[in-house]
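Remarks on the overall topology
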Amino acid sequence: MQLAVFDDDRLAVVDGDVLIDVTDALGATGPDGPLRAFLDAGGGLAQLAALDLTGLPRRELATARLAPPVLPRAVIAAPVNYRDHQQEMHEQRSIADYGLFLKAAGSVIGPGEQIQLPYTDKRTDQEGELGVVIGRHASQVSPQDALDHVLGYLPVLDISLRSTEDRSTRKSFRTFTPLGPWITTADAVPDPGALELRCWVGGELRQHASTADLIVDVAHLISYASHVMDLQPGDVIATGTPAGVGPLGAGDDVVLEIEGLGRLEVRVSDDGAIPYADRPGLRGLGLAGVA
């Protein structure tokens, strides 16, 4: 099953080229989006599987504006979790040394939206990743039980500014976490460790890998994260990016496709970009040369 959000607050099951609106049938309404409302009320895969779609309102997918399929409380990300990316970045360490980092929940956007480049003179890269959506509370779970806490999977772009700040700062700008186009539920993904990932920028294939090449696989990553913090329904874990990251420019189209999970497409804009030395809040403090 694939779950999409359209018109900002309507939850739908994707059936080919049609959206079946299940918002009212599931009572999925709330200030944090329909999927979070469903999950926070205790909903899960069993309720979705038992849902009778007969007679529910339908909408052509092509006529709908898709929103982020989930508004997470937390976006938890894995740095340096592919060996080839470790080599391309000339890293001596991996996720085993760095641990996890957090991205601001306010950095999430949906398919068809725009990545906004913040600076005119600093490189900003695309990083295509498999995203994991947590379906129920997970605290100190074992790797053997970890996948039982997954609602589903989706493509995630971890947009990354190349500057001196820590990861949580330079990866948390507004628009820096595109999600979508929908969530494919866990029961439809037999093995999250055997998915082909491809990412194009401006029509150029930059990234092509398999999630089989993750240094820390999905189950162990969930387990590790759940021993650091309690994972809540709707939280998203970005599992790391393979080699092939590169700079984005205004007007670029970025497309991330993961086998069986759909195509996430966004565009890049430099509207409002400023010189790095003119960062708001630091301007006038004489700190520009420090960075």
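Residues numbered from 1 in each chain as written. Predicted model: local features only at pLDDT ≥ 70, side-chain atom pairs only at ≥ 80, totals over all residues. Heavy atoms only, no water.

**Topic: the pattern of salt bridges**
Using the criterion set out here, one finds 20 salt bridges in the structure. A salt bridge links Asp125 to Arg123, with the nearest nitrogen and oxygen atoms 2.6 Å apart. For Asp125, a relative accessible area of 0% gives the class buried. Where Glu257 meets Arg263, a salt bridge forms, and the shortest distance between an N and an O atom there is 3.2 Å. Linked by salt bridges that have partners in common, Lys103, Arg123, Asp125, Glu127, Asp158, Arg162 and Lys171 make up one network. (Salt bridge = Lys/Arg side-chain N within 4 Å of Asp/Glu carboxyl O. Buried < 20%, exposed > 50% of the residue type's maximum accessible area, 1.4 Å probe, protein only.)

**Examining the sheet that holds strand E19 (residues 246-247)**
Spatial ordering of the open sheet is given by E13-E10-E19, a layout of three strands whose pairing is antiparallel. Looking at strand neighbours, the two that pair on one side only are strand E13 (160-161) and E19, the edges of this open sheet. Two elements, strand E10 (residues 124-126) and E13, share two bridges in a ladder whose sense is antiparallel. Along E13, the bridge assignment pairs Asp125 with Ser160. (Pairing = 2+ DSSP bridges. Helix = DSSP H or I, 4+ residues; strand = E, 2+ residues; numbered from the N terminus.)

**What to know about the pairing of strand E11 (residues 128-134)**
Of all seven residues making up E11, seven are buried, and the element is well covered by its neighbours. The alternating pattern of E11 places Gly128, Leu130, Val132 and Ile134 and Glu129, Gly131 and Val133 on opposite faces, both of which are buried. Summarising the sheet, E11 and strand E18 (residues 236-238) pair through three bridges and their orientation is antiparallel. Each residue of the ladder has a partner; that of Val132, found in E18, is Ile237.

**A short note on the sheet that holds strand E16 (residues 196-201)**
Strand order in the open sheet made by the five strands is E9-E21-E20-E16-E17, with mixed pairing throughout. Among the strands making up the open sheet, the edge pair consists of strand E9 (114-116) and strand E17 (204-210). Between one strand axis and the next, the sheet turns through 20° on average, direction left out of account. Of the pairings in the sheet, the one linking E16 to strand E20 (residues 253-258) comprises five bridges and is antiparallel in character. Across the sheet, the residue bridging to Cys199 is Leu256, located in E20. (Axes fitted to C-alpha atoms, helices over the stretch in contact; angles between N-to-C directions.)

**Considerations on the nonpolar core**
Ranked by size, the top nonpolar core spans 45 residues in total, and within it Tyr153, Ile222 and Ile237 carry the most contacts. Listed by contribution, the elements that provide at least two residues to this core are E11, strand E12 (150-157), E16, helix H8 (218-228), E20 and strand E21 (262-269). Residues contacting Tyr153, with those up to four places away along its chain left out, are Leu130, Gly131, Val132, Leu147, Trp182, Ile183, Thr184, Ala186, Val189, Pro192, Val218 and Leu261. (Core = buried A, V, L, I, M, F, W, Y, C linked by side-chain atoms within 4.5 Å. Contact = heavy atoms within 4.5 Å.)

**Notes on the side chain of Lys103**
With respect to the helices and strands, Lys103 occurs in strand E7 (residues 101-103). By relative accessible area, Lys103 is classed as buried at 5%. Separated by 3.2 Å, the side chain of Lys103 and the backbone oxygen of Lys171 make a polar contact. Setting aside chain neighbours within four positions, we find Lys103 in contact with Val75, Ala77, Leu157, Asp158, Ile159, Lys171, Ser172, Phe176 and Thr177. (Polar contact = N/O pair within 3.5 Å; in protein donor to acceptor, adjacent residues only side chain to side chain.)

**Considering the pairing of E16**
Pairing of E16 with E17, which is carried by six bridges, proceeds in the antiparallel orientation. Within E17, the position partnered with Glu196 by the bridge is Ser210. Between E16 and the antiparallel strand that follows it, E17, lie two residues; Gly202 among them carries a positive phi value of about 60°.

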